[in-house]
Amino acid sequence: MNQSEQIGELVAAIGAIMADVGYVRGTGRNTHHGYKYTSDEDLAASIQPALVKHGVAIFPIASEIERSGDRTVITQTFRVGHSSGQWMQLQIPGEGVDKQDKGTAKALTGARKYLMRLLFCVPTGDDNEKEAEVGG
């Protein structure tokens, strides 16, 4: 991981953001497969005020893109910066499958969503390892 020489103030701000955000209840619904989920918009709307309050900004700075048929896989590099000048870079994968032109956008959205969820330890109730509820 690339980072500035010091990151203590950034780490403290990330902790404060975690405390402010807490649980994010998802409003997304996949009607085709019948499940609810936490969308990128749900996370961004919950996290953005805390980012501003604690002087943290997230910038996408580089992408590695692989395409195979309808599948797009992106490794997105983000810089997480603090008003103190401290920063860190993180790489997060994203994947999108689309028969038309939205595979790249889906992959980018997935990468950003999981960056926000993982960096700020946001509980959402979405558990990919949990067995699906019958009728759910």
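Check the entry above for the structure.
Residues numbered from 1 in each chain as written. Predicted model: local features only at pLDDT ≥ 70, side-chain atom pairs only at ≥ 80, totals over all residues. Heavy atoms only, no water.

## Points about the overall build of the chain
Within the chain, the regular secondary structure consists of 3 helices and 5 strands. In sequence order, the chain lays out its α and β elements as α-β-β-α-β-β-β-α. Here the chain holds 136 residues, and the buried ones make up 37% of them. Summarising the internal contacts of the chain: among those between residues at least 6 apart in sequence, 56% fall at separations of at least 24. Summed over its atoms, the accessible surface of the chain is roughly 8600 Å², and 50% of this surface lies on carbon and sulfur atoms. Each charge sign in the chain was given a centre, from 14 positive and 17 negative side chains, and these centres are 5 Å apart. (Helix = DSSP H or I, 4+ residues; strand = E, 2+ residues; numbered from the N terminus. Buried < 20%, exposed > 50% of the residue type's maximum accessible area, 1.4 Å probe, protein only. Contact = heavy atoms within 4.5 Å. Areas by Shrake-Rupley, 256 points an atom, 1.4 Å probe, with all protein chains shown as cover. Lys, Arg positive; Asp, Glu negative; His and termini not counted. Charge placed at Lys NZ, Arg CZ, Asp CG, Glu CD.)

## Quick word on the packing of helix α2 (residues 40–53) against helix α3 (residues 103–119)
In helix packing, the relevant descriptors are the interaxial angle and the interaxial distance, both defined with respect to the helix axes. One way to put it is that α2 packs onto α3 with a least axis distance of 9 Å and a crossing angle of 45°. One element, α2, and the other, α3, form an angle in the oblique class. Considering how the two elements wind past one another, α2 and α3 form a crossing that is left-handed. Along its contact with α2, which presents Asp40, Leu43, Ala44 and Ile47, the element α3 presents Thr109, Arg112, Lys113, Met116 and Arg117. Residue composition of the contact of α2 with α3, by class: 4 nonpolar, 1 polar and 4 charged. (Axes fitted to C-alpha atoms, helices over the stretch in contact; angles between N-to-C directions. Parallel < 35°, antiparallel > 145°, perpendicular 65-115°, else oblique. Left-handed = near helix turned anticlockwise from the far one by under 90°. Nonpolar A, V, L, I, M, F, W, Y, C, P; charged D, E, K, R; others polar.)

## Considering α2
The end-to-end C-alpha distance of α2 is 20 Å, a good match for the 20 Å that 14 residues give at a rise of 1.5 Å each. Isoleucine 47 marks the point of greatest bend in α2, at about 35°, and the proline proline 49 comes within the next four residues. Every buried residue belonging to α2 is among Asp40, Asp42, Leu43, Ala44, Ile47, Ala50 and Leu51, and all of these are buried. (Expected span 1.5 Å × (residues − 1). Bend = angle between axes of the 7 residues up to and from the residue.)

## Things to note about the packing of aromatic side chains
Here a ring pair, both rings aromatic, is described through the centre-centre distance and the interplanar angle of the planes. One pass over the full model with this rule turns up 1 aromatic pair. Directly above the ring of tryptophan 87 sits arginine 79, whose terminal nitrogen or CZ lies 3.7 Å from the centroid. (Phe/Tyr/Trp six-rings, centres within 6.5 Å; stacked < 30°, edge-to-face > 60°. Lys NZ or Arg CZ within 6 Å of the ring centre and 35° of its normal.)

## Digging into the pairing of strand β3 (residues 56–68)
In this structure, β3 lies alongside strand β4 (residues 71–82), joined through 12 bridges in antiparallel fashion. Following the sheet pairing, isoleucine 58 is matched in β4 by valine 80. (Pairing = 2+ DSSP bridges.)

## What to know about the sheet that holds β3
Strand order in this open sheet of 3 strands is β3-β4-β5, and the pairing throughout is antiparallel. At either end of the open sheet lies a strand with only one pairing partner, and these are β3 and β5 (87–97). Averaged over all pairs of adjacent strands, the angle between strand axes in this sheet comes to 20°, irrespective of strand direction. Examined bridge by bridge, β4 and β5 share 11 bridges and lie antiparallel to one another. Its bridge partner being in β5, valine 73 is matched across the sheet by glutamate 95. Those strands touched by helix α1 (residues 8–21) are β3, β4 and β5, and its axis lies near 110° from that of β4. Sheet contacts for α3: β3, β4 and β5; angle to β5, the most-contacted strand, approximately 135°.

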